[in-house]
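Remarks on the overall topology
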Amino acid sequence: MTTTIQRNAPRPIETKPAERPAAQTPTQPPARNEAVRSGTGTDGFQPTAGTTGTQTANRLGATPAGAEEVRTTSATPVAPAALSPTELRSAQQAIANSSDGRDATAVSEWLRNNPDPAKQAAFMDMMFQYGPVAGGILDSVQRLPEADRTRLSQALDNAYRSGAVSPQELSAAVATSGRGALPGATHEGLAGIIAGTGNPDLIETYAKAEMDIVRASGGDDQQRSAAVATALGGMPPDRLQSFLAANREGMADVIKNINASGPDASSSPALGRLLDAAGRINPPTAESVQVFTDSIDKLGENCESRAAAARFFTQHGDAVLSSLQDSSGSLGLDGQKKMSEFFARTLFSPPQDFEGSDAFRTNVMQRLETMNAGLAQHANENPPSQDAKRSARLMGSLVGSLEGGFQVSLDEMGKRNEAVKGMVDLLFSAKGLLPNLPIPGAGKLKDLTIDQLQRWVTSSLQERAQQPSQAIPFHRTFGEQIANPDLRTDYDAARGDAFLNRQRGLSR
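**A word on the packing of aromatic side chains**
The tally for this structure, following the rule as stated, stands at nine aromatic pairs. With 5.5 Å between their ring centres and 50 degrees between their planes, Phe-342 and Phe-343 make a pair best called tilted. Summarising the burial analysis for this pair, Phe-342 and Phe-343 share the class buried. Between Phe-342 and Phe-360, the ring centres sit 5.5 Å apart and the planes meet at 70 degrees, which makes this aromatic pair edge-to-face.

What follows is the structure, encoded as structure tokens:
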């Protein structure tokens, strides 16, 4: 006897494949359940020793890069078992209720009340017979607590590894027909459940399905692109690297669309999750660094995106700067513009107090101090080596980009007060690095309080309103300590170029 789904809400399940009746009670696991897919033994993200993070897709990318890592499991996937008539009816009702109510609570409750992985696999097998309905249910998790989302991820992971849900069924669950193309109608809920599995094969299958739809529509779908980024946030580093290398054009479309406009531009965690996942690729690769540099003009005012970008630079700044250098050692034109915008967004415009902001400011100043100390070793060389000259030009470019980012915040963003605060915080972070640095008319940096620095920066800008780059002595902080005149010339030239070539037409 076949049991039909009872719908208590007025909206019926939207998609039901005619060739596969949903209400058949399985008498034995399907043949495909007997094999375990190779290379899919990754269960999810676990906090490393000493951290307090939780294993949940809703938190991916919320902690500094390196605070979470992917761990594999030797657990054998559990194939689906036959459901009793009562279990079958309750499962069908849960699917109908969640679909009709656009809320995954009923499905989550069924899984919680039936913790046997074999029963859960049978449930997932049944639900994914409905194609996009399954995807819609797993996208409707906004009201669920983290523990329930984790349960959904674990059940899906086991079902996929056991063969209860095939790659074709997973791809078919990704809704098309314009869904996800309107503000607020994202697939990020579904993508978060996918990311929470930590299963690289499953994540790749889903991400490619979404990416293919993005590319088929001309490469312009903000919400679907954010879903791809969210899912990839759960990818283990080695597999993410392979995915980035194999999908360069698709990833370019994805990043192009993220934070482009609308309410999600300032609130979506998608780009931050992708940047943190790319940051876990260590040592960094050309592809992971490309994710960072392509993302700079997408940071906007999104706090999570900025925080993740700052973490990436803190961890992989050498690789970033190296990727942007030209043959002379300076940052190239594109690199100068990118770094000016990066500093404008992360140091000199709101929101400035994000997770890791203090460590980021300290890292920037320590990087300049390390460069300066390296140049000091060549003080008496005549002529200095080409490597020393390249280092002087890179340092000049970095200082010019900082000054350019400061002026971008003043002029192009109109964020004078915030830019001043950012500069004060940056200078204050250098007190321990350069304790004897004299501040014109204010004493020595090591002796100044935050309030005194605030007054000095403000008065300097008032006195040199037409030359803000000259008002704040980054070049005095570091450039005037370069004893070798040839290296100082290289430094000054690169600094001037970087400041003049600062980014215009910023993303808002």
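**Some details on the side chain of Arg-306**
Tracing the chain through its elements places Arg-306 in helix H15 (residues 303-324). Buried within the structure, Arg-306 lacks any salt-bridge partner; its nearest side chain of opposite charge belongs to Glu-301, at an N-O separation of 5.6 Å. A distance of 2.6 Å separates a polar atom in the side chain of Arg-306 from the backbone oxygen of Arg-345.

**Remarks on the confidence of the model for the chain**
Detailed reading of predicted coordinates is not advised where the pLDDT is low. Overall, the prediction assigns the chain a mean pLDDT of 80, with 78% of residues at 70 or greater. Every residue in residues 1-74 scores below 50 in pLDDT, and together they form 182 contacts with partners more than four places removed in sequence or on other chains. Between residues 179-184, whose pLDDT stays under 50, and residues either more than four places distant or in other chains, the model counts 17 contacts.

**Structural notes on helix H5 (residues 146-162)**
Given 3.6 residues per helical turn, the α-helix brings residues three or four places apart onto the same face. In this model, H5 (17 residues) spans 24 Å end to end at C-alpha, consistent with the 24 Å of a helix rising 1.5 Å per residue. Taken across its 17 residues, H5 has 14 buried, putting it largely inside the fold. Once H5 finishes, Gly-163 follows within two positions and takes phi at roughly 95 degrees, a positive value.

**A word on the packing of helix H18 (residues 386-412) against helix H23 (residues 485-500)**
Running from N to C, H18 and H23 point in directions that differ by 35 degrees, and their axes come no closer than 7 Å. Crossing of H18 over H23 shows right-handed handedness. For the contact of H18 with H23, a count of residues per class yields nine nonpolar, six polar and five charged.

**Observations concerning helix H3 (residues 117-127)**
Of all 11 residues in H3, 10 are buried; the element is thus mostly enclosed. Among the residues making up H3, those that are buried are Ala-118, Lys-119, Gln-120, Ala-121, Ala-122, Phe-123, Met-124, Asp-125, Met-126 and Met-127. Between the side-chain oxygen of the N-cap and the backbone nitrogen of Ala-118 there are 3.0 Å, and the N-cap of H3 in question is Asp-116.

**So, the pattern of salt bridges**
All told, the structure shown has 22 salt bridges when counted by the stated rule. A salt bridge links Arg-161 to Asp-157; its shortest N-O distance comes to 3.3 Å. A residue pair is termed a helical-turn pair when its members lie 3 or 4 positions apart in one helix, as Arg-161 and Asp-157 do in helix H5 at four residues. We note that Arg-161, like Asp-157, is buried. Residue Arg-361 is joined to Asp-358 by a salt bridge in which the shortest nitrogen-to-oxygen separation is 2.4 Å. With Arg-361 and Asp-358 both in helix H17 (residues 357-376) and three residues apart, the pair spans about one turn of that helix. Accessibility expressed as a relative area gives 53% for Asp-358, which makes it exposed.

**Description of the nonpolar core**
Buried together is how nonpolar side chains tend to be arranged in soluble globular proteins. In this structure, Met-124, Met-127, Phe-128, Leu-232, Phe-342 and Phe-343 are the most contacted members of the largest nonpolar core, which totals 120 residues. Residues within four places of Phe-128 in sequence aside, it is in contact with Ala-134, Leu-138, Leu-156, Val-165, Glu-169, Leu-170 and Ala-173.

Cut-offs used in this document
Residues numbered from 1 in each chain as written. Predicted model: local features only at pLDDT ≥ 70, side-chain atom pairs only at ≥ 80, totals over all residues. Heavy atoms only, no water. Phe/Tyr/Trp six-rings, centres within 6.5 Å; stacked < 30°, edge-to-face > 60°. Buried < 20%, exposed > 50% of the residue type's maximum accessible area, 1.4 Å probe, protein only. Helix = DSSP H or I, 4+ residues; strand = E, 2+ residues; numbered from the N terminus. Lys, Arg positive; Asp, Glu negative; His and termini not counted. Salt bridge = Lys/Arg side-chain N within 4 Å of Asp/Glu carboxyl O. Polar contact = N/O pair within 3.5 Å; in protein donor to acceptor, adjacent residues only side chain to side chain. pLDDT = per-residue confidence, 0-100. Contact = heavy atoms within 4.5 Å. Expected span 1.5 Å × (residues − 1). Axes fitted to C-alpha atoms, helices over the stretch in contact; angles between N-to-C directions. Left-handed = near helix turned anticlockwise from the far one by under 90°. Nonpolar A, V, L, I, M, F, W, Y, C, P; charged D, E, K, R; others polar. Core = buried A, V, L, I, M, F, W, Y, C linked by side-chain atoms within 4.5 Å.

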